[in-house]
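# Coordinate analysis (summary)
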Amino acid sequence: MSNRSGYSRRNRLDKLGVKSDMRVAVVGIRDPVFLTQLGTRTGDIASDRPRRNTDMVFFLATRVADLRRLERFRATIKSNGAIWVLWRKGRPELKQGDVMAAAKTRGLVDIKVASFSDELSALKLVIPLAARA
């Protein structure tokens, strides 16, 4: 029980796996606290458009149709990179199962779920080991 409690108090960037000097892209997220935290960890941050060889993409989706962008994001991340898809908790427009299904059809697998904030859930997607170049 104490381990779980300690985990919940971890810094959000540590919980999400953001390492120092990573190339990160933030798409659709306007959370000033998160953006400030991210800026203290890395200076290589793209807004709204990931660049080639990105380590990690943070993407806020509000509806199922937004998930079509996963294919484009998959093409920009490093083979061992990740895409965090965020969505609003408790909203019927988009659920975790929708994100998982969209990821699968685009050659991605989910490996971790996290609470990004009080309002947002997050699912970490990666390219399967067998498909990495």
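Please refer to the structure higher up on the page.
Residues numbered from 1 in each chain as written. Predicted model: local features only at pLDDT ≥ 70, side-chain atom pairs only at ≥ 80, totals over all residues. Heavy atoms only, no water.

This part is about the packing of aromatic side chains. This structure, assessed with the given rule, holds 3 aromatic pairs. With 5.1 Å between their ring centres and 70 degrees between their planes, Phe34 and Phe58 make a pair best called edge-to-face. Taken as a pair, Phe34 in helix α3 (residues 32–41) and Phe58 in strand β3 (residues 54–60) lie far apart in primary sequence, 24 residues in all. When its relative accessible area of 0% is taken as the criterion, Phe34 is described as buried. Centre to centre, the rings of Phe59 and Phe73 are 4.9 Å apart; their planes meet at 70 degrees, and the pair counts as edge-to-face. Taken together, the positions of Phe59 in strand β3 and Phe73 in helix α4 (residues 70–76) put the pair 14 residues apart, joining distant regions of the chain. The same class applies to Phe59 as to Phe73, namely buried. Pairwise contacts between aromatic rings join Phe34, Phe58 and Phe116 into one cluster. The lysine or arginine in question, Arg12, covers the ring of Phe116, its NZ or CZ lying 4.6 Å from the ring centre. (Phe/Tyr/Trp six-rings, centres within 6.5 Å; stacked < 30°, edge-to-face > 60°. Helix = DSSP H or I, 4+ residues; strand = E, 2+ residues; numbered from the N terminus. Buried < 20%, exposed > 50% of the residue type's maximum accessible area, 1.4 Å probe, protein only. Lys NZ or Arg CZ within 6 Å of the ring centre and 35° of its normal.)

Sheets are built from strands paired through backbone hydrogen bonds, the pairs being either parallel or antiparallel. Here we have 6 strands laid out as an open sheet, ordered β2-β1-β3-β4-β6-β5, and mixed in their pairing. One side of each edge strand has no neighbouring strand; the edge strands of this open sheet are β2 (45–47) and β5 (109–115). The average undirected angle you get between the axes of adjacent strands in this sheet is 20 degrees. Across 6 bridges, the pairing between β3 and strand β4 (residues 77–88) is parallel. Residue pairing across strands places Phe59 opposite Val85, the latter belonging to β4. Each of β1 (24–27), β2 and β3 is contacted by α3, which is oriented at about 170 degrees to β1, the strand it contacts most. Sheet contacts for helix α5 (residues 96–105): β4, β5 and β6 (120–126); angle to β6, the most-contacted strand, approximately 20 degrees. (Pairing = 2+ DSSP bridges. Axes fitted to C-alpha atoms, helices over the stretch in contact; angles between N-to-C directions. Contact = heavy atoms within 4.5 Å.)

This paragraph deals with the pairing of β6. Two faces belong to every sheet, and in a regular strand the side chains alternate between them. With 7 of 7 residues buried, β6 is to be regarded as a mostly interior element. The alternating pattern of β6 places Leu120, Ala122, Lys124 and Val126 and Ser121, Leu123 and Leu125 on opposite faces, both of which are buried. Bridging between β4 and β6 involves 7 bridges; their strand directions are antiparallel. Among the inter-strand pairings, Ala82 is bridged to a residue of β6, identified as Val126. Direction of pairing for β5 relative to β6: antiparallel, over a ladder of 6 bridges. Within the sheet, the bridge partner assigned to Ser115 lies in β6 and is Ser121. Following β5, the chain reverses through 4 residues before pairing antiparallel with β6.

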